[in-house]
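Chain and residue survey
These are the residues of each chain, in order.
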Number of protein chains: 2
Amino acid sequence: MSDTKINPQLLQLRDQIDVVDAQLVNLLGQRFGLTAQVGVLKKENGLEARDAERERLQIVKVRKLATDAGVDPDFIENLFQSLLKTVVKNHQEI
Amino acid sequence: MSDTKINPQLLQLRDQIDVVDAQLVNLLGQRFGLTAQVGVLKKENGLEARDAERERLQIVKVRKLATDAGVDPDFIENLFQSLLKTVVKNHQEI
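Glancing now at the relation of the copies chain A and chain B. When chain A is fitted to chain B, the best match, at an RMSD of 0.0 Å, comes from turning it 180° and sliding it 0.0 Å along the axis. Such a turn and shift between the copies fits a two-fold axis. Residue by residue, 100% of the interface of chain A is reproduced at the interface of chain B, so both copies engage with the same surface.

Shown next as structure tokens:
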């Protein structure tokens, strides 16, 4: 038997989490759409796929946002490092 | 000189990406808030910190959402595996 049978309040929280998860995936889809446009622009303008200074500033910014939102900044940094790595890989493939 | 000096369109895309990033961090903050409530409920009801079946279903669901949104499902699965791991760690600490 699943845990959820026991507690309707738990079920309700899980429904809310599922809504947030769908929003997260949707936002990540939007983000990859935007970075794909960046990749094309960079190629058209002969710019490097990677901009280390921009990445550094993004990490500083999301760490601050995390702290303000009460989220572990190290968790957020790891997530964004992995995101930026994927984006650079995509840019290099363009 | 930074890349951004060269191309106003790039600057505009980066602004849009920064808005999405702030929304992502905010949503993750909401999610950790909800899972913290789940952690307390589980403790109060003597439930295990981890529910492997729920995790399996979450991964199936976000992979499908990713595919529908044109996002690499492996990237999304890795992100959520790391998210679920952090949540279980937090639950065990409650």
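It is worth spelling out the packing of helix H1 (residues 8–44) of chain A against helix H1 (residues 8–44) of chain B at this point. The interhelical angle for the contact between H1(A) and H1(B), taken along N-to-C directions, is 160°, at an axis separation of 9 Å. By the angle class used here, H1(A) and H1(B) are roughly antiparallel. As H1(A) packs across H1(B), the resulting crossing turns out to be left-handed. A per-class count over the contact of H1(A) with H1(B) returns 20 nonpolar, twelve polar and eight charged.

Cut-offs used in this document
Per chain, residues are indexed from 1 in the order of the written sequence. Each chain gets a letter, beginning with A, and each ligand a number, beginning with 1, in the order they are written. For this predicted model, a pLDDT threshold of at least 70 governs which residues receive local features, and a threshold of 80 or more governs which side-chain atom pairs are given and counted, while totals over whole chains, interfaces and linings are taken from all residues. Side-chain measures were taken over the full set of non-hydrogen atoms in the model, leaving aside hydrogen atoms and water. The superposition of copies rests on a least-squares fit of C-alpha positions from residues with pLDDT of 70 or more in both. Between two residues, a contact is recorded if the distance between any of their heavy atoms is within 4.5 Å. A fitted line through C-alpha atoms serves as each axis, taken over the contacting stretch for helices, and the angle formed by two N-to-C directions is quoted from 0 to 180°. Counting from the N terminus, the helices are DSSP H or I runs at least four residues long and the strands are E runs at least two residues long. In this scheme, roughly parallel covers angles under 35 degrees and roughly antiparallel covers those over 145, while 65 to 115 is roughly perpendicular and the rest are oblique. Here a crossing is called left-handed whenever its near helix is offset anticlockwise from the far helix by less than a right angle, and right-handed whenever the offset is clockwise. All amino acids are sorted into three groups, where Ala, Val, Leu, Ile, Met, Phe, Trp, Tyr, Cys and Pro are nonpolar, Asp, Glu, Lys and Arg are charged, and the leftover types, Gly among them, are polar.

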